[in-house]
Amino acid sequence: MTIHGSHWGAFRPRVEGGRLVEAVPFEGDTDPSPLLRSVPGAVHARNRVTQPAVRGSWLDGTGGRRGADPFVEVSWETALDLVVGELRRVHAEHGPEAVFGGSYGWSSAGRLHHAKTQLNHFLACAGGYSGQVSNYSYGAAERLLPHVLGDTAPVTGQVATWDDIAAHTDTVLMLGGFPAKNVQLESGGTGDHTARLGLARALEGGTRVVNVNPVRTDAPDHPGVDWVPVRPGSDTALLLALMRRLDALGAVYEEFVARCTVGDDRLRAYLRGAVDGVDKTPAWAAALTGVPVATIEGLADRLRTGRTLVTATWALQRAEHGEQPYWAVVALAAYLGQIGLPGGGFGFGYGCVARFGATYRTFGTPAFTARYNECPVRVPVARLTDMLLHPGEEYAFDGAVHRYPDVRLVYWAGGNPFHHHQDLNRLARAWQRPETVVVHEPWWTATARMADIVLPATTTLERDDIAAASGEPWLIAMQRSVDAPGEARNDRTIFAALAERLGVADAYTGGLDDAGALRAMYDRARRSAAEHGHPIPDFDTFWATGHHRYDLPAPPPPYAAFRRSPSGAPLATPSGRIELFSATIDGFGYDECPGHPTWLPPTEWAGSASERFPIHLLSPQPGTRLHSQLDMGPVSTESKVAGREPCVVNADDAAARGIADGDVLRLWNERGETFVGAVVSDDVLPGVALLATGAWYTPLDPAADDSPELHGNPNVLTRDVPASRLSQGTSAQTVLVEIARVESPAPYSDPHSLPAFALRGARSAGGRAR
Ligand SMILES: Nc1nc2c(c(=O)[nH]1)N[C@H]1C(S)=C(S)[C@@H](COP(=O)(O)OP(=O)(O)OC[C@H]3O[C@@H](n4cnc5c(=O)[nH]c(N)nc54)[C@H](O)[C@@H]3O)O[C@H]1N2
Ligand SMILES: Nc1nc2c(c(=O)[nH]1)N[C@H]1C(S)=C(S)[C@@H](COP(=O)(O)OP(=O)(O)OC[C@H]3O[C@@H](n4cnc5c(=O)[nH]c(N)nc54)[C@H](O)[C@@H]3O)O[C@H]1N2
Ligand SMILES: [Mo]
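Nothing here was measured: the structure is a model prediction, and the numbers come from that model.

1. Some remarks on the overall build of the protein
Point 1. Across its full length, the protein holds 26 helices and 29 strands.
Point 2. Seen through its principal axes, the protein has C-alpha atoms that stretch 80 × 65 × 50 Å.
Point 3. For the protein, buried positions account for 64% of its 770 residues.
Point 4. Here the analysis covers contacts within the protein between residues at least 6 apart in sequence; of these, 75% occur between residues at least 24 apart.
Point 5. When the accessible surface of the protein is totalled, it reaches about 25,800 Å², and 51% of it is carbon and sulfur.
Point 6. The averaged location of the 87 negative side-chain charges in the protein is 2 Å from the averaged location of its 69 positive side-chain charges.

Structure, rendered in structure tokens:
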């Protein structure tokens, strides 16, 4: 019986007549994801890319406009020659920096055919490229935490386990709650979804949860869960007031603070108002957060009683000044003094992806490693548009100054910037600047439509691979189950053909075909596993069984050794301790990220809401798909309202605007506008609306700048400014909009259609004058 893995879990492919008809949940999964129902429809979607295609006016050299011109289908020979010609030309005329191959994106769960990694490997073999650093998920935390704690472990999964929480924790203060929709997903997949049930077990055992969230429903529906509605972007004020309250009560665990942290004198002076004349009392925070004084005081009492874990979802730091709530969480946990105790302290990422709260390992994950990129340029992912608009200009990043490269050729495989980036109207303009854009895609996504050369890639069901998330206990074989449609090829096959033409075939393939490379990748993981005393079967046995689960010991509580002996097991910070004040960060002189946790009002939030733009728009992760992936599957399409992405609007806000369930709404601000379907609800705070990410960017007029978007993509509204210069992280959650009902018929266009073609099915195209 064949088996397959995916970001949304393991399954048994049921194939009839050469078609995948069902993705049957893997029998080892105790809580399989409903998203599996969308897999057959995606694999056999009518918008698969089936033949190489080139934008007509790029091919004939007349210019035209990306996203607006018809495509010409060409043969593989022609397409590969065109890509090689452009790579050679740009390298020769402008050097490796001019080739942008960052290619951020989740790609597939398969660790060998991971498109982004294979592209990075190919471009490194072919002479280098401008790459990317950091991520959209927890970019602010990734830069902040090493200064405060010495590394990123608490945001990458080395957090208290559900078992320890169930056994020890009285209260989990969850900033951002626990959205069960999110833990369906894991980058690299899983064999068993344990997070939702892990929290459910803790609740049954008496652990209590406080869901601090603008949204009620992103936490289990259980009597042990209290909802504390909070204005988006205001958590730092709440956390500072909780610390100030502990301070006023004499309830700060001073022994831990003195022994394990540095800089509290600076923080304490700020809390007490000695720095800015503002005492950070509960009354001060109540005015900012909307949380009543009595609730804040009650919370402080609750947190200091019994064992407390403070958590925050990644969404909180995907915001302007997103570093601050995370730093404040660490500081609050230090004041409570339970860092290093089982089920106490803090942890980030619960309710974000599947693996957090499970046991973890730091070895033995099959993964393909790209060759080192000799070109030193690495641009923070969220600065994509700035890079395209400002070649050669300087920008600050984590204490250093860098320069944007002058990009002439953009190469993307395994990511969807017209899904993931902020202020898409701005990106769409910047995207016209490079000379050439090459994209590999299985589907005609918004990004594929915005390319010059589109190469058809297989989906995972059409090739052999292995799914494995770093740290997570499962390895799952991904066994080829159906034929590729049309002329689609594996990304690795495409790059091998390009490498051959460029004379770097051996460097790229290592002399291995796909089957050999898969075996080599597995064998490396097997050696690592054996070295760590966790032997895994040989490749053939693994492939025949189809899965392997590491039997992992329970990890010690995070920071346990450090707590016992801060000098014996110091952190990798300059002081070796938790830095409540960081002289390093302070020394960077960024006013938007000072030396200790600080309340800094965001540019767009409830506190700056105007009559023009009164609603704070959050764009959470979609429960019905993974980002833009699976949007054409039934789970997502059945969730659409009036054919568009549903937007949750508070009942009072809806009443004030005459909005009813099922209405078509227009959402807009000075950056863009989009059309959505209304869902009226009491489960979100007044003044807040929710529009999940991932609806396919569908401009009404692709030939025009700032065209209205028809399918409900929130990124035409989001701001493309960094969280701070420290992290250069995205600030996608810091957005104000206005909402209105639209009289029908509202404009509509199918987001999952094929692009316009000037020529289909051609085996070769004519000459190219350019
Ligand atoms: N407003 C707003 N924006 C956000 C966020 C938010 O919260 N709010 N979240 C951000 C976050 S955290 C993230 S991680 C990003 C996610 O952004 P992305 O990771 O870019 O989103 P995906 O839709 O997963 O894009 C993956 C693409 O890879 C393609 N693909 C899959 N398998 C293969 C393959 O084998 N070969 C090739 N060539 N292609 C393949 C898919 O078809 C898809 O187009 O979005 C970010 N954007
Ligand atoms: N089904 C599904 N799951 C996914 C993904 C997907 O596309 N689909 N994407 C995956 C990826 S790439 C990532 S990075 C993770 C992201 O995980 P997150 O970024 O944590 O996910 P979100 O759903 O954006 O938000 C989590 C919660 O934070 C709350 N929140 C937002 N802003 C604030 C705030 O200012 N204050 C407070 N207190 N709460 C706030 C939201 O209401 C929500 O309940 O999700 C992963 N899981
Ligand atoms: Mo993410």
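2. Some details on the domain arrangement of the protein
Point 1. Taken as a whole, the protein is organised into domain 1 (48–133 + 378–459 + 486–503), domain 2 (139–361 + 567–588) and domain 3 (606–741).
Point 2. Placing a centre on the C-alpha atoms of domain 1 and another on those of domain 2 gives a separation of 39 Å.
Point 3. In this assembly, 7 residues from domain 1 lie in contact with 9 residues from domain 2.
Point 4. At the boundary of domain 1 with domain 2, total buried surface from both sides reaches about 650 Å², with 61% on carbon and sulfur atoms.
Point 5. At the junction of domain 1 with domain 2, the criterion picks out 1 salt bridge.
Point 6. In this structure, R143 engages D398 in a salt bridge whose closest nitrogen and oxygen atoms are separated by 3.3 Å.
Point 7. Linking domain 1 to domain 2 there are 2 residue pairs in polar contact (both at pLDDT 80 or more).
Point 8. When the residues that make up the side of domain 1 that touches domain 2 are grouped by side-chain class, the tally is 4 nonpolar, 1 polar and 2 charged.

3. Points about the environment of A430
Point 1. Along the polypeptide, A430 turns up in helix α17 (residues 424–430).
Point 2. Residue classification places A430 among the buried residues on the basis of a relative accessible area of 0%.
Point 3. Remark: the alpha-carbon pair of A430 and I659, spanning 229 residues in sequence, is separated by 36 Å.
Point 4. Every residue in contact with A430, bar those within four places of it in the chain, is listed here: T385, L388 and L389.

4. Thoughts on the site of ligand 1
Point 1. Around ligand 1, the surrounding shell holds 35 residues, and the nearest of these are H420, E441, D491, S628 and N715.
Point 2. The separation between an oxygen atom of ligand 1 and a polar side-chain atom of Q629 is 2.8 Å.
Point 3. Taking 910 Å² as the accessible area of ligand 1 by itself, protein coverage stands at 98%.
Point 4. Of all the secondary-structure elements, those providing two or more residues to the shell around ligand 1 are α16 (417–420) and β17 (436–441).
Point 5. Looking at the shell around ligand 1 residue by residue, the classes come out as 9 nonpolar, 22 polar and 4 charged.
Point 6. Both domains that meet at the shell around ligand 1, namely domain 1 (48–133 + 378–459 + 486–503) and domain 3 (606–741), each give it at least three residues.

5. Examining the layout of surface pockets
Point 1. In this model, the largest pocket occupies a volume close to 1,200 Å³.
Point 2. In this structure, the largest pocket is lined by 41 residues; those nearest its centre are R111, N135, Y138, S187 and S470.
Point 3. Elements that contribute at least two residues to the lining of the largest pocket include exactly α4 (115–125) and β6 (131–133).
Point 4. If you tally residues by element for the lining of the largest pocket, the top one is α4, at 3 residues.
Point 5. Among the residues making up the lining of the largest pocket, the classes are represented as 15 nonpolar, 19 polar and 7 charged.
Point 6. Of the pockets and cavities examined, the second largest pocket occupies roughly 870 Å³.
Point 7. Lining of the second largest pocket is provided by 44 residues; of these, P179, K181, T217, D218 and G623 occupy positions nearest its centre.
Point 8. Going through the elements one at a time, α8 (195–204), β9 (225–228), β24 (646–650), β26 (672–681) and β27 (688–691) are the ones with two or more residues in the lining of the second largest pocket.
Point 9. Of the residues forming the lining of the second largest pocket, the biggest block, 3 residues, is contributed by β9.
Point 10. Its residues assigned to classes, the lining of the second largest pocket comprises 23 nonpolar, 12 polar and 9 charged.

6. A short note on the pairing of β17
Point 1. Of all 6 residues in β17, 6 are buried; the element is thus mostly enclosed.
Point 2. On β17, burial covers both faces: T436, V438 and H440 on one face and V437, V439 and E441 on the other are all buried.
Point 3. Here 5 bridges tie strand β16 (residues 409–413) to β17, and the two strands are oriented parallel to one another. Following the sheet pairing, L409 is matched in β17 by T436.
Point 4. Two elements, β17 and strand β18 (residues 453–456), share 4 bridges in a ladder whose sense is parallel. Following the sheet pairing, V439 is matched in β18 by V454.

7. A few points about the site of ligand 2
Point 1. In the vicinity of ligand 2 lie 32 residues, with K181, D218, D235, R318 and H627 positioned nearest.
Point 2. Between ligand 2 and Q621, the relevant distance is 3.2 Å, taken from an oxygen atom to a main-chain nitrogen or oxygen of the residue.
Point 3. The separation between a nitrogen atom of ligand 2 and a polar main-chain atom of P622 is 2.8 Å.
Point 4. Its residues assigned to classes, the shell around ligand 2 shows 17 nonpolar, 10 polar and 5 charged.

8. Quick notes on the packing of helix α9 (residues 235–248) against helix α14 (residues 323–336)
Point 1. Packing of α9 against α14 leaves a shortest axis separation of 9 Å and a crossing angle of 20 degrees. By the angle between their axes, α9 is roughly parallel relative to α14. Between α9 and α14 lies a crossing of left-handed hand. Where α9 abuts α14, its residues D235, T236, L239, L242, M243 and L246 lie against Q324, P325, A328, V329, A331, L332, Y335 and L336.
Point 2. The class makeup of the residues in the contact of α9 with α14 is 11 nonpolar, 2 polar and 1 charged.

9. Some points on the sheet that holds β9
Point 1. The sheet built from 5 strands is open, its strands ordered β9-β8-β7-β11-β12 with parallel pairing. Two strands lie at the open edges of the sheet, namely β9 and β12 (345–348), each paired on one side alone. When strand polarity is set aside, the average angle formed by the axes of neighbouring strands in this sheet is 20 degrees.
Point 2. Pairing analysis gives 4 bridges linking strand β11 (residues 308–312) to β12, with the strands arranged parallel. Across the sheet, A312 pairs through a bridge with F348, a residue of β12.
Point 3. Here helix α13 (residues 293–303) sits on the sheet and contacts β7 (171–175), β8 (208–212), β9 and β11; the angle it forms with β7, its principal contact strand, is near 135 degrees.

10. Quick look at the nonpolar core
Point 1. Residues L332 and I578 are the most contacted members of the largest nonpolar core, which totals 108 residues.
Point 2. Top element by residues in this core is α14. It accounts for 11 residues.
Point 3. Not counting residues up to four positions away in its chain, the partners in contact with I578 are V148, L149, F256, C260, T261, V262, V330, I339, F562 and L571.
Point 4. Core analysis: the next-biggest nonpolar cluster, separate from the first, contains 52 residues, Y136, Y404, A654 and V676 among them.

Criteria and cut-off values
- Residues numbered from 1 in each chain as written.
- Chains lettered and ligands numbered in written order.
- Predicted model: local features only at pLDDT ≥ 70, side-chain atom pairs only at ≥ 80, totals over all residues.
- Heavy atoms only, no water.
- Helix = DSSP H or I, 4+ residues; strand = E, 2+ residues; numbered from the N terminus.
- Buried < 20%, exposed > 50% of the residue type's maximum accessible area, 1.4 Å probe, protein only.
- Contact = heavy atoms within 4.5 Å.
- Areas by Shrake-Rupley, 256 points an atom, 1.4 Å probe, with all protein chains shown as cover.
- Lys, Arg positive; Asp, Glu negative; His and termini not counted.
- Charge placed at Lys NZ, Arg CZ, Asp CG, Glu CD.
- Domains from an automatic or database assignment.
- Buried area = accessible area lost by both parts, 1.4 Å probe.
- Salt bridge = Lys/Arg side-chain N within 4 Å of Asp/Glu carboxyl O.
- Polar contact = N/O pair within 3.5 Å; in protein donor to acceptor, adjacent residues only side chain to side chain.
- Nonpolar A, V, L, I, M, F, W, Y, C, P; charged D, E, K, R; others polar.
- Near = heavy atom within 4 Å.
- 1 Å grid on protein atoms, 1.4 Å probe; cavity = no way out; pocket = protein on both sides within 12 Å on 5 of 7 lines; lining within 4 Å.
- Points joined across faces, edges and corners; volume = space filled by probe spheres on them.
- Pairing = 2+ DSSP bridges.
- Axes fitted to C-alpha atoms, helices over the stretch in contact; angles between N-to-C directions.
- Parallel < 35°, antiparallel > 145°, perpendicular 65-115°, else oblique.
- Left-handed = near helix turned anticlockwise from the far one by under 90°.
- Core = buried A, V, L, I, M, F, W, Y, C linked by side-chain atoms within 4.5 Å.

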